[in-house]
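# Observations on the three-dimensional arrangement
These are the residues of each chain, in order.
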Amino acid sequence: VQLVESGGGLVQAGGSLRLSCAASVIAFSINRMGWYRQAPGKQRELVATITAGGGSANYADSVKGRFTISRDNAKNTMYLQMNSLKPEDTAVYYCNAGGVNVLTDKYLEVWGQGTLVTVSS
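Everything quoted here is computed from the prediction, not taken from an experiment.

### Notes on the packing of aromatic side chains
The full count for this structure, using the stated rule, is one aromatic pair. Between Y36 and W111 the ring centres are 5.0 Å apart and the planes differ by 65°, which places this aromatic pair in the edge-to-face class. You can see Y36 sitting in strand β4 (residues 28–38) and its partner W111 sitting in strand β10 (residues 106–111), a full 75 residues away along the chain. Under the relative-accessibility criterion, W111 is labelled partly exposed at 37%. For R44, the ring lying beneath its charged end belongs to Y94, and the centroid distance is 3.7 Å. Directly above the aromatic system of W111 lies the positively charged group of R44, at a separation of 4.6 Å from the ring centroid.

Here's what the structure looks like:
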């Protein structure tokens with residue numbers, strides 16, 4: 001399983017960005033996916049998660065009402081639409097997938113390499 005993020009960049013406060021996470025999946029059944037972020041000098045934190053079918057999403061309080069997580073299962077891609085960005089949203093954003101290796105029946109957590117989002121004031 002390989003996860004590749006894209007869409008990060010520099011944006012002014014109040015602006016928008018859309019992050020994408022493309023999953024290359026072989027013999028892996030994804031149960032849920034999510035976005036995490038890590039700001040300089042801080043621990044990685046949860047931003048949002050979404051279930052396999054895309055029917056249920058959860059958000060950190062700090063992004064509720066501004067960010068929207070979604071999935072396109074036909075494309076094996078997850079998105080994070082970020083609106084009304086604030087300087088405190090500046091971080092490296094990581095894609096995460098949790099699921100089962102169908103060959104070994106073991107649960108795995110997979111991470112992407114991260115994409116940097118910088119919000120200027």
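### Let's talk about the state of the cysteines
According to the stated counting rule, one finds one disulfide in the structure shown. Shown here is the disulfide that connects C21 with C95, its sulfur atoms set 1.9 Å apart. Across the S-S bond linking C21 and C95, the dihedral sits near -70°, which makes this disulfide left-handed. Pair noted here: C21 is in strand β3 (residues 17–24) and C95 is in strand β9 (residues 91–101), with a separation of 74 residues, a long-range link. C21 gets classed as buried once you look at its relative accessible area, which sits at 0%.

### Observations concerning the side chain of T77
Structurally, T77 is set in strand β8 (residues 77–82). Judged by relative accessible area, T77 falls into the buried class, the value being 11%. Contact partners of T77, with chain neighbours within four places excluded, come to S20, C21, A22, S70, R71 and D72.

### Focus on the pairing of β9
Each regular strand displays side chains that alternate between the two surfaces of the sheet. Taken across its eleven residues, β9 has nine buried, putting it largely inside the fold. Bridge analysis of β4 against β9 gives ten bridges, and the strand direction is antiparallel. Bridge pairing links M33 to A97 in β9. Bridge count for β9 against strand β11 (residues 115–120) is three bridges, and the pairing is antiparallel. Residue pairing for β11: Y93 is matched across the bridge by T115. Note that β9 and β10 share six bridges and pair antiparallel. In the sheet register, N96 faces β10, and the bridge partner there is W111.

### Regarding the environment of P40
Take P40: it is sitting in the loop between β4 and β5 (45–51). We classify P40 as exposed; its relative accessible area is 72%. Through-space distance from the C-alpha of P40 to that of V92 is 8.5 Å; in sequence the pair is 52 residues apart.

### A few points about the sheet that holds strand β1 (residues 2–6)
Taking strand neighbours across the sheet as the criterion, the four strands line up as β1-β3-β8-β7 in an open arrangement whose pairing is antiparallel. Only two strands of the sheet have a single partner each, and these edge strands are β1 and β7 (67–72). Adjacent strand axes in the sheet meet at a mean angle of 15°, parallel and antiparallel pairs treated alike.

The rules we used
- Residues numbered from 1 in each chain as written.
- Predicted model: local features only at pLDDT ≥ 70, side-chain atom pairs only at ≥ 80, totals over all residues.
- Heavy atoms only, no water.
- Phe/Tyr/Trp six-rings, centres within 6.5 Å; stacked < 30°, edge-to-face > 60°.
- Helix = DSSP H or I, 4+ residues; strand = E, 2+ residues; numbered from the N terminus.
- Buried < 20%, exposed > 50% of the residue type's maximum accessible area, 1.4 Å probe, protein only.
- Lys NZ or Arg CZ within 6 Å of the ring centre and 35° of its normal.
- Disulfide = S-S within 2.5 Å.
- Contact = heavy atoms within 4.5 Å.
- Pairing = 2+ DSSP bridges.
- Axes fitted to C-alpha atoms, helices over the stretch in contact; angles between N-to-C directions.

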